[in-house]
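# Reading the structure
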Amino acid sequence: MRLMRKRVKEAGVQILDHSPALELLVDEHGAVAGAAGVHRQVGETWSARTGSVVMATGGCAFLSNALGCNVLTGDGHLMAAEAGAEFSGMEFSNAYGLGLAFCSVTKSLFYNWATFYDATGTAIPGAGSSHGRGVIAKTLESQPVFACLDRTDADIRAWMRRSQPNFFVPFDRLDIDPFTRHFPVTLRLEGTVRGTGGLHVTDATCASSVPGLYAAGDAATRELICGGFTGGGSHNAAWAMSSGFWAGAGAADHARAARALRTPRALLRAGRTILRDGGANAPIDPAALIRAVQDEVLPAQRNWTRRADLLEASLGRLDALWHRVRGAAVSDRSQMVRAREAVAMLAVSRWMYRTALVRTETRGMARRQDYPAADAAQRHRLLSGGLDEVWVARHGVRHEANEDIAA
Ligand SMILES: Cc1cc2nc3c(=O)[nH]c(=O)nc-3n(C[C@H](O)[C@H](O)[C@H](O)COP(=O)(O)OP(=O)(O)OC[C@H]3O[C@@H](n4cnc5c(N)ncnc54)[C@H](O)[C@@H]3O)c2cc1C
């Protein structure tokens, strides 16, 4: 990170730390031409007029306290959707990290050497990290699950300590030997961070479906490199670096072309939800909204293996929430960032569950209890978007025709 900061500073880039973007700016044709946000430490606003924007705000993990994820609330998804952008693969959004029940560390590679136990110390049949995480999810619905890294020998233990020292920090702090003691584990939703859905990428420059808006890293769909399942591993960071490179080049070309036209553009603020005066609507309470969204998306019994009736019930409540907050404001502008995060989580949850409902099969991490097998007729992508009305459309890969399939 330090090296990257040094390089961009040397290139003349101004970095705004602690200054989240709240909305995009668009020209009169709807092309993205800037962004605006707030300097958190002084409470002042900023805006930047640009030739183009690369959305690189990461995925959405719904504030589940998973390692490194609690700054990833889908803000960029909301901003992009307000400018009219489409998403792809939002049904591939239910990654759950496995980790200690009492801390945020979800690095799960080493659980491949674990045995999973119930509270009586009996091994749980079929439970595992890479294969058998569903058994853990199911067991956690009714009772605690414990793990022990007891399928290791001295060499593997030494290698583990060397290769991922941060995995052991919480154990060492509590004086727990994970190789011999049983310790409680849980599953934390990592959403689209270790899922694959995100902004629909329309060409090799990582352009989104809105002119002037490009997408990189976890904010963009990763279906292009790994379909409906990522798992851990280096391809995710590789995609972030490569898509960042391509999106940056594409955005620079777009900006140069826009500048060559030399037409001064009047910019409009694309942000809608809660950024303006709420009129007569009651102000929103960000904490309450966050809890309400989490109630629908965090429980593994709703989201790990989905089912039509549960999805429909959640969508009924999430849609109702949306229609309550869409015209509201915040009571105090210091809550604006948190409120936009809450609204972004709400928006992401609706694209996630609406696409999950339309994918009537089990493919990658899009698991359905009511459709447990893959369906060869559904080898298409699902695009989605919209705020007040969420839509889903089939997007053919290879030679399939595209057609709208659900509103
Ligand atoms: C526990 C864990 C372990 C992982 N291990 C690996 C691994 O071993 N190998 C691998 O390749 N990948 C791994 N990944 C995945 C990898 O971390 C991601 O794919 C990668 O970080 C994506 O980079 P990114 O820049 O797109 O997004 P991020 O790294 O998530 O960065 C997004 C940034 O945007 C900022 N942001 C969000 N909203 C706003 C806003 N409104 N305004 C301004 N900024 C905003 C966030 O604060 C954040 O700094 C792991 C992920 C997790 C969660």
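Worth saying up front: this structure is predicted, and the values here are computed from it rather than measured. (Residues numbered from 1 in each chain as written. Predicted model: local features only at pLDDT ≥ 70, side-chain atom pairs only at ≥ 80, totals over all residues. Heavy atoms only, no water.)

## Digging into the pattern of salt bridges
Applying the stated criterion across every chain yields a total of 21 salt bridges. A salt bridge links Arg340 to Glu82; the shortest N-O distance between them is 2.7 Å. With Arg340 in helix H11 (residues 336-358) and Glu82 in helix H2 (residues 75-82), this residue pair connects regions lying 258 residues apart in the sequence. Arg340 sits in the buried class, given a relative accessible area of 4%. Judged by its relative accessible area of 8%, Glu82 falls in the buried class. Where Arg350 meets Asp319, a salt bridge forms, and the shortest distance between an N and an O atom there is 2.7 Å. Here the residue Arg350 occupies a position in helix H11, and Asp319 occupies one in helix H10 (residues 308-325), the gap between them amounting to 31 residues. The class of Arg350 is buried, set by a relative accessible area of 2%. Taken together, the shared-partner salt bridges in this structure form one network comprising Glu91, Arg359, Glu361 and Arg363. (Salt bridge = Lys/Arg side-chain N within 4 Å of Asp/Glu carboxyl O. Helix = DSSP H or I, 4+ residues; strand = E, 2+ residues; numbered from the N terminus. Buried < 20%, exposed > 50% of the residue type's maximum accessible area, 1.4 Å probe, protein only.)

## Observations concerning the domain arrangement of the protein
Domain assignment breaks the protein into domain 1 (2-93 + 193-406) and domain 2 (95-191). The gap between the C-alpha centroids of domain 1 and domain 2 is 31 Å. Domain 1 puts 19 residues into the contact, and the matching count from domain 2 is 14 residues. Carbon and sulfur atoms make up 59% of the surface buried where domain 1 meets domain 2, a total of about 1,500 Å² over both sides. Among the residues of domain 1 in contact with domain 2, Leu67, Arg194 and Trp304 are the three that bury the most area, contributing 44% of the side total. Applying the counting rule to domain 1 against domain 2 returns 1 salt bridge. The salt bridge partner of Glu190 is Arg194, with a shortest N-O separation of 2.8 Å. (Domains from an automatic or database assignment. Contact = heavy atoms within 4.5 Å. Buried area = accessible area lost by both parts, 1.4 Å probe.)

## Points about the site of the ligand
The full set close to the ligand counts 21 residues, and Ala21, Asp75, Asp218, Gly233 and Ala237 are the nearest of them. Measuring from a nitrogen atom of the ligand, one finds a side-chain N or O atom of Asp75 at 3.0 Å. Within the backbone of Ala237, one N or O atom sits 2.8 Å away from an oxygen atom of the ligand. Contact with the protein chains removes 67% of the 990 Å² of surface that the ligand exposes when unbound. Broken down by element, the residue count for the shell around the ligand peaks at 3 residues, all from helix H7 (residues 235-261). Broken down by class, the residue content of the shell around the ligand amounts to 11 nonpolar, 7 polar and 3 charged. (Near = heavy atom within 4 Å. Polar contact = N/O pair within 3.5 Å; in protein donor to acceptor, adjacent residues only side chain to side chain. Areas by Shrake-Rupley, 256 points an atom, 1.4 Å probe, with all protein chains shown as cover. Nonpolar A, V, L, I, M, F, W, Y, C, P; charged D, E, K, R; others polar.)

## A look at the nonpolar core
One finds Leu24, Tyr111 and Phe116 to be the most contacted residues of the largest nonpolar core, which totals 95 residues. Element by element, the count of residues in this core is highest for H11, at 15 residues. Mapping this core onto the domain boundaries places at least three of its residues in each of domain 1 (2-93 + 193-406) and domain 2 (95-191). Among the nonpolar cores identified, the runner-up in size contains 5 residues, and Ala61, Cys69, Leu72 and Val193 belong to it. (Core = buried A, V, L, I, M, F, W, Y, C linked by side-chain atoms within 4.5 Å.)

## Let's talk about the state of the cysteines
The full count for this structure, using the stated rule, is 0 disulfides. A disulfide-free cysteine, Cys148 has its sulfur positioned 16 Å from the sulfur of Cys103, the nearest such atom. The cysteine Cys206 is free of any disulfide, with Cys226 supplying the nearest cysteine sulfur at 14 Å. The exposure class of Cys206 is buried, given its relative accessible area of 2%. (Disulfide = S-S within 2.5 Å.)

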